[in-house]
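Spelled out from the first residue to the last, the chains are:
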Amino acid sequence: MIRINDNFHRLSPTYLFTEVARRLKAYKEAHPDADIIRMGIGDVTCPICPVAVEAMKKAADDQTHAATFHGYGPEQGYAWLRKAIADGDYRQRGVEIDIDEIFVSDGAKSDTGNIGDILSTDCRVAVTDPVYPVYVDTNVMAGRAGHMTDTGQWSHIEYLPCTAANDFIPSLPTRHPDVIYLCYPNNPTGTALTRDELSRWVDYARRNGSLILFDSAYEAYITRPDVPHSIYEIEGAREVAIEFRSFSKTAGFTGLRCGYTVVPRELKGVADDGTEISLNALWLRRQSTKFNGASYIIQRAAEALYTPEGRRQVADTIAYYMRNAAVLRDGLASIGIEARGGIDAPYIWLRTPDGLSSWEFFDLLLDRCRVAGTPGCGFGPSGEGYFRLTAFSSYEDTLRAVERMRPLK
Ligand code: PLP
């Protein structure tokens, strides 16, 4: 029989959201009439921004004429989209990013998962705990994680706890990791790092020679002025950080699939023979070999988001979800449930009441309130005793969910 990659075999058998979906399906089968409000998986509910839809219709039309047909495009993405990104997401915030430092892709999940391809399997990794599961699982797949310990942690990964005790802001690592994953605004805790807090990480990475993998998929949700939208707003970050962005949660692209990654030219790695190698060149090599570019039609949709009308529509979508976040925060506070997030992120991270475990609270919420969320323990050991709700439902469902939770008081 064919031998498999044993690292995959080491993974816990189910991905968190698969397990949530499995339990929901079982519950639905047992209670076919149950009207469940889903606030678990981080998918959005608002439709795609109209400007993007119009751009796709036009782009589809382009594909019907030989003169405007587009086949394989540049693996890195079309220059017109990369220019729109460089201007709209960076220059307008005072950050200069060259279009050759931008790599358009089919989303941040792929890029945060694939980036490890260009790093040594010996690299030591640090993650915040709780954490977006993709960072840990892809390192397990690559053989960087060691073995699973009794504490639910992988032996070679440094976990940086984020709990009420440190106000959900992780301390700097102690095991000198080569690679540090930071996701801010954070999924799942909904917290964000201020300029000063993020500067400490950039300074640490420069001192320690670490690479920061900065996932800012939720950047558009930031409301506080002292929270940077890009890690490159911090001096020196170009020498130590790769940044990942996504159109999924800003413009309803979860089904369309588009995101991008910034790999600054200053970033260097070292080969076994001591040669210094540009990470930008290496990522280009990786992408041109394993990826054939995001679809032309979808890149046109993404480009449209940077027009004045596109920006207005994105802002409206975000305001809609953030109104839901405020309803959840206020509602939980009135019920007496302690919760964080929802200020710079579409996630609410709540403390399970009465010392219930995360999965116990999942079952209770589903059974008594017909509300589905995500158990915090699925994001890492420090997530035990916490629970995530998303602001991505409709406004009406969010109001209904709060009313249904009131009896928990
Ligand atoms: N990064 C974080 C932190 C996320 O929460 C998600 C989606 O939930 C992603 C990346 C995935 O984004 P995309 O849809 O662009 O793959």
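Residues numbered from 1 in each chain as written. Predicted model: local features only at pLDDT ≥ 70, side-chain atom pairs only at ≥ 80, totals over all residues. Heavy atoms only, no water.

1. With respect to the overall build of the protein
Quick reminder of the rule: Think of it this way: any DSSP run of H or I at least four residues long counts as a helix, any run of E at least two long counts as a strand, and we number them from the N terminus. Note on method: radius of gyration uses C-alpha positions; expected globular size equals 2.2 Å times residues raised to 0.38. Residue contacts are counted whenever heavy atoms from the two residues lie within 4.5 Å of one another. Calculation of accessible area relied on Shrake-Rupley with a 1.4 Å probe; when residues are assessed, cover is drawn exclusively from the protein chains displayed. His is not counted here, nor are the chain ends, while Lys and Arg score as positive and Asp and Glu score as negative. A charge is said to be at NZ when it belongs to Lys, at CZ for Arg, at CG for Asp and at CD for Glu.
Within the protein one finds 13 helices and 15 strands. Relative to its length of 409 residues, the protein is compact, with a C-alpha radius of gyration of 21 Å against a globular reference of 22 Å. When the backbone C-alpha atoms are referred to their principal axes, the protein occupies close to 60 × 55 × 50 Å. Counting contacts in the protein only where the partners sit at least 6 residues apart, residues at least 24 apart contribute 72% of the total. Per element, the accessible surface of the protein, about 18000 Å² overall, is 53% carbon and sulfur. On the protein, the mean spot of the 45 positive side-chain charges and the mean spot of the 54 negative ones are 2 Å from each other.

2. Overview of the site of the ligand
Here is the rule we go by: Proximity criterion: a residue is near a molecule or strand once any of its heavy atoms comes within 4 Å of it. We define a polar contact as two N or O atoms separated by no more than 3.5 Å, with the added condition that, inside protein, one atom must be a possible hydrogen donor and the other a possible acceptor, whereas residues neighbouring each other in sequence contribute only through side-chain atom pairs. In this count, Pro and Cys sit with the nonpolar residues alongside Ala, Val, Leu, Ile, Met, Phe, Trp and Tyr, while Asp, Glu, Lys and Arg are called charged and the others, Gly among them, polar.
Surrounding the ligand, one finds 14 residues, the nearest of these being Asp215, Tyr218, Ser246, Ser248 and Arg257. Between Tyr218 and the ligand, the recorded distance is 2.6 Å, taken from a side-chain N or O atom to an oxygen atom. Protein contacts shield 91% of the accessible area of the ligand, which totals 400 Å² for the unbound molecule. Classifying every residue of the shell around the ligand by side-chain character gives six nonpolar, four polar and four charged.

3. Points about the sheet that holds strand β2 (residues 102–105)
The condition is simple: Strands are treated as partners if at least two bridges between them are detected by DSSP. Axis geometry follows a simple rule: fit a line to the C-alpha atoms, using only the stretch in contact for helices, then measure angles between N-to-C directions, giving values from 0 to 180 degrees.
An order of β2-β8-β7-β6-β5-β3-β4 is seen for the seven strands of this open sheet, with the pairing classed as mixed. The open sheet has two free edges, formed respectively by β2 and β4 (157–161), since each of these has just one partner strand. With direction set aside, neighbouring strand axes in the sheet form an average angle of 20 degrees. Note: strand β5 (residues 179–183) against strand β6 (residues 211–215), five bridges, orientation parallel. What sits directly across from Ile180, in β6, is Ile212.

4. A few points about the packing of aromatic side chains
Selection rule: Here is the rule: rings of Phe, Tyr and Trp (six-membered ring for Trp) pair when centre to centre is within 6.5 Å. Planes less than 30 degrees apart are stacked, more than 60 are edge-to-face, and the remainder are tilted. Type-normalised accessible area, obtained with a 1.4 Å probe on protein chains alone, sets the label of each residue: buried when under 20%, exposed when over 50%, and partly exposed for intermediate values. The criterion for a charge sitting over a ring is simple: Lys NZ or Arg CZ within 6 Å of the ring centre, and within 35 degrees of the ring normal.
All told, the structure shown has 21 aromatic pairs when counted by the stated rule. Ring geometry for Phe168 versus Tyr386: centroids 5.6 Å apart, planes at 85 degrees, classification edge-to-face. In this pair, Phe168 is assigned in the loop between β4 and β5 and Tyr386 in strand β15 (residues 386–390), connecting sequence segments 218 residues apart. With relative accessibility at 4%, the residue Phe168 sits in the buried group. Cluster of aromatic residues (ring-pair linked, three or more members): Tyr90, Tyr232, Phe247, Phe253, Tyr260 and Tyr306. Directly above the aromatic system of Trp359 lies the positively charged group of Arg23, at a separation of 3.9 Å from the ring centroid. Here the basic side chain of Arg323 rests over the ring of Tyr395, its NZ or CZ set 3.5 Å away from the ring centre.

5. Brief notes about the environment of Asn324
In this structure, Asn324 sits in helix α11 (residues 308–335). For Asn324, a relative accessible area of 0% corresponds to the buried category. Each C-alpha atom, one on Asn324 and one on Tyr306, is 25 Å from the other, the two residues being 18 residues apart in sequence.

6. Looking at the pairing of β6
This is how it is decided: If the strands point away from the viewer and the path from the first strand over the helix to the second runs clockwise, then the crossover is right-handed.
Taking burial as the measure, the five residues of β6 include five buried ones, the bulk of the element. Taking every second residue as pointing to the same face, both faces of β6 are buried, with Leu211, Leu213 and Asp215 on one and Ile212 and Phe214 on the other. The β-α-β motif built from β5, the intervening helix α7 (residues 195–208) and the parallel element β6 has right-handed crossover chirality. Here β6 runs beside strand β7 (residues 241–246); their pairing, made up of four bridges, is parallel. Residue pairing for β7: Ile212 is matched across the bridge by Ala241.

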